[in-house]
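# Secondary and tertiary structure notes
Chain residues, written in single-letter form:
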Amino acid sequence: MANVEKDAITGTETTGHEWDGIKELNTPLPKWWLYTFYACILFAIGYWILYPSWPTLHGHWQGLLHYTSRGAFAQDQLKQKAERSVWTDKISSKTVDEIAADPELLNYSIAAGHSIFANNCAPCHGTNGSGNKNFPILADDDWLWGGTLDAIYTTVQYGIRAKNDNTRSDSMPNFGTDEILTPTEINDAAEYVLSLSGKQTDPAAAKKGETVFADNCAACHGDKGQGTHELGAPRLSDGIWLYSGAKSAIVSQITHPKLGVMPAWTGRLSNVEIKEAAVYVHSLGGGQ
Amino acid sequence: MSVISHNETKNGPKKAEEKPSLYASHIKVYPQRIAGTFRRIKWLTLYTLLGLYYLVPWIRWDRGPGAPSQAVLIDMPARRAYFFGIEIWPQEVYYLAGILILGAIGLFLATGLAGRVWCGFTCPQTVWTDLFMWVERKIEGSRNKRMKLDAGPLTLEKAAKKISKHAAWIVISIITGGAWIFYYGDAPTMLKEMLTGQASQTVYGFLFLFTATTYLLAGWAREQVCTYMCPWPRFQSAMFDEDTLIVTYEAWRGEPRGKAKTDDKIGDCVDCNLCQNVCPTGVDIRKGSQLECIGCALCIDACNSVMTKLNRPLNLITYDSISNQNARQEGKPERIRLIRPRTVAYMALLTIVGGIMAYGLLERPRVEVNIQRDRSPLFVTLSNGDIRNGYTFKILNMLRRERTFNLTTEYVDNATMTVIGINGRDRKNVTLKVGPDTVGTYRVFVKAPPQSLKAESQNLEFVLRETGAQSHVEVDSTTKFYGPKK
Ligand code: SF4
Ligand code: SF4
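Everything numeric in this text was worked out from a predicted model, so none of it was measured. (Residues numbered from 1 in each chain as written. Chains lettered and ligands numbered in written order. Predicted model: local features only at pLDDT ≥ 70, side-chain atom pairs only at ≥ 80, totals over all residues. Heavy atoms only, no water.)

## Side note on helix H8 (residues 203-216) of chain A
All names here are of chain A. Between the first and last C-alpha of H8 there are 20 Å, a value that for 14 residues agrees with the 20 Å anticipated at 1.5 Å per step. Its axis deflected by about 25° at Gly209, H8 carries its strongest bend there. Turning to H8, its buried residues are Ala205, Ala206, Gly209, Val212 and Phe213. (Helix = DSSP H or I, 4+ residues; strand = E, 2+ residues; numbered from the N terminus. Expected span 1.5 Å × (residues − 1). Bend = angle between axes of the 7 residues up to and from the residue. Buried < 20%, exposed > 50% of the residue type's maximum accessible area, 1.4 Å probe, protein only.)

Given below as structure tokens:
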């Protein structure tokens, strides 16, 4: 720095850099800027000490404050639970019908039930109950075990063919594989079932099938195929089919029926959550 | 150029032997007290603005039972903002955007007309700094006394003065920070809670934050906020033109400066430096318009006091436009042009935006509808073949009374509605009630026979009419109705 060049006009030193005859002045940074920079360094060091930061040989430095985002989250959850108790206490003491009759509780339950449904039920029943192959749509008006609030509540609680003493469980004989009916009889019955929902059929076969149906199927499905909620026997006279309404699917269902399962949610979800989920499911299509 | 010369006057040219310093110390500005017209205006604006700021949260406004009775309140938990008779919902936050736009245009207009009047008279930084300087002057004395005090050794008296000054500043800062919080809660309750230690951590956190920023910005940073931190001086020159009135030194009249009027070649400026001594940002206005000058006009007061004493014409430093100054220099008639394309454009914009906002505020139906169509499932086929779509229907009732609405649909033939929580299914019209000042949320299912569907997706209109004699509000909202592929 022996011979620093000075700018004649301002008397300020130049940096010695020159571009097209224009020289750069060495204008000092303000002190406050420097101290702010130091303060940032100090802040960073303080942060390392107070919060979890560096890896060590055994895990990582925990920080003097012992802060973890997981711990903060758990605390938030506790707080949230306490805040929600205003609602959840009411829900736990009321029946599902009473909840649905109270507009405020209804709105709360639908919102809460929505997230419960999305986390637990949507993998099978689809988002917002839109259904999946072999899993019933919950947004329509066709219900296997009944679509009243109470019926839905019971189904969610105990499941279908689940490991629970109160579970809903229906059975349909293996008409084909147990050789109760001959393949011809099954074919005729299928033709008749198709006619119940107004589809194209072979009238002669359907006529024969009517007797087969009356003898073997009507006990559960009703003589007009209207279904029985108490037994979980589907209605066969509408356009909604759980396992497809194609004839081959109907034949296969009579020969060796598929029987769906659903877990019992008691024990996995709290009773309040089950009520909320039931109210939500009922709201998807208005239930019955 | 101006910045460099500014440094030069403070430091003096550096000597060659001096080691180059990488960091420059801040040069403290010691503004001198001056009386005059503009100082009086500044006091008046200071009283008015600070008075408004500290007192407004305490104005009560009866809004009936259950509603906050604070006239100006931003109620975060309840998501409402109140301004006297006006209530703003989160959905209407565009009014805030409108006010910001109005503020910006207003600022452009004021700047185009009279330079940095906002900076010099009404900017919070200026106002609080002014207040803090007044305190400083009361405790530490005049400019000379303050300079001597700072240059002198640390005596008991100096310590006492410094401590009491900072204590006073901190008290003002606490009151300032506290007043800010009153705008976000019921002021009397908040004050009681804050004094008794019952307020939430958030409240104390913000109290600390606002106190600290007031103390630092108005006490320590002062003019540095204007010169280094504030973006406004960097581009306000875009609002200037040669007809804008700005604080100027009439160089043609003042120069060459001189102490005594011994010969006629000497100008009116006696080089007393008073204009620079009173300047809160340490500017020598005689060097021309500068970034640091906040347009506070105190140098006008200063020079006028000198000119009065010397019995010379006033306004050597004055509010003047460049074109006017040129005209005067040439002896041509003065001419102040306030109406110019630029100012007319700003005023027109101001009127239009203000008009739109006022119209919007007056004509608010105080009911708004939000409709969310179910996306999954898009539609459901029912057992009898009918197609059903689901909607979440929200009615925002912004009035303080329960209202009853009648909901019907249009465009889709033979459509019927079922609303969850309301008895009666498949109806052509449904009665919906929404409580005072709340959002009513309803699940609405619309069902139509397949023959009614003209396409895979078609328009469906919900018509919501308020029933009862009091109002004829009607809100139409169009959404989509989906069905299977045609
Ligand atoms: S130069 Fe004059 S108008 Fe500008 S800031 Fe200084 S005193 Fe105020
Ligand atoms: S106050 Fe007026 S006379 Fe004194 S130095 Fe400033 S311009 Fe010149």
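What follows picks up the thread again.
## Describing the pairing of strand E3 (residues 80-83) of chain B
Residues and elements named next belong to chain B. Residues Arg80 and Tyr82 line the buried face of E3, whereas the alternating positions Ala81 and Phe83 sit on a face that is not buried. Inspection of the sheet shows strand E2 (residues 72-75) paired to E3 by four bridges, in the antiparallel sense. The residue of E3 that forms the bridge with Asp75 is Arg80. Counting the residues in the hairpin turn of E2 and E3 gives four residues, including Arg79, whose phi is positive at 55°. Here three bridges tie E3 to strand E4 (residues 86-88), and the two strands are oriented antiparallel to one another. Residue pairing across strands places Ala81 opposite Ile88, the latter belonging to E4. Here E3 folds back onto E4, and the loop between the two strands holds two residues, one of which, Phe84, carries a positive phi near 50°. (Pairing = 2+ DSSP bridges.)

## Here we look at the UniProt feature "transmembrane region" (unreviewed entry) in chain A
UniProt feature "transmembrane region" (unreviewed entry): in the numbering of this structure it lies at residues 32-51 of chain A. For residues 32-51 of chain A, helix accounts for 95% and strand for 0%, while the C-alpha atoms at its two ends are 28 Å apart. (UniProt positions renumbered as here; feature names shortened; annotations may be inferred.)

## Some words on the domain arrangement of chain B
Residue and element names in this part refer to chain B. By domain assignment, chain B separates into domain 1 (27-364) and domain 2 (367-482). Between domain 1 and domain 2, the contact holds eight residues from the first and nine residues from the second. In total, domain 1 and domain 2 occlude about 660 Å² of area from one another, counting both sides; carbon and sulfur atoms represent 50% of this. The largest per-residue losses of area from domain 1 upon contact with domain 2 belong to Glu87, Trp89 and Gln91, which jointly make up 64% of the total buried on that side. Applying the counting criterion to the domain 1 and domain 2 interface returns two residue pairs in polar contact (both at pLDDT 80 or more). A breakdown of the residues in the side of domain 1 that touches domain 2 according to their chemical character gives three nonpolar, one polar and four charged. (Domains from an automatic or database assignment. Contact = heavy atoms within 4.5 Å. Buried area = accessible area lost by both parts, 1.4 Å probe. Polar contact = N/O pair within 3.5 Å; in protein donor to acceptor, adjacent residues only side chain to side chain. Nonpolar A, V, L, I, M, F, W, Y, C, P; charged D, E, K, R; others polar.)

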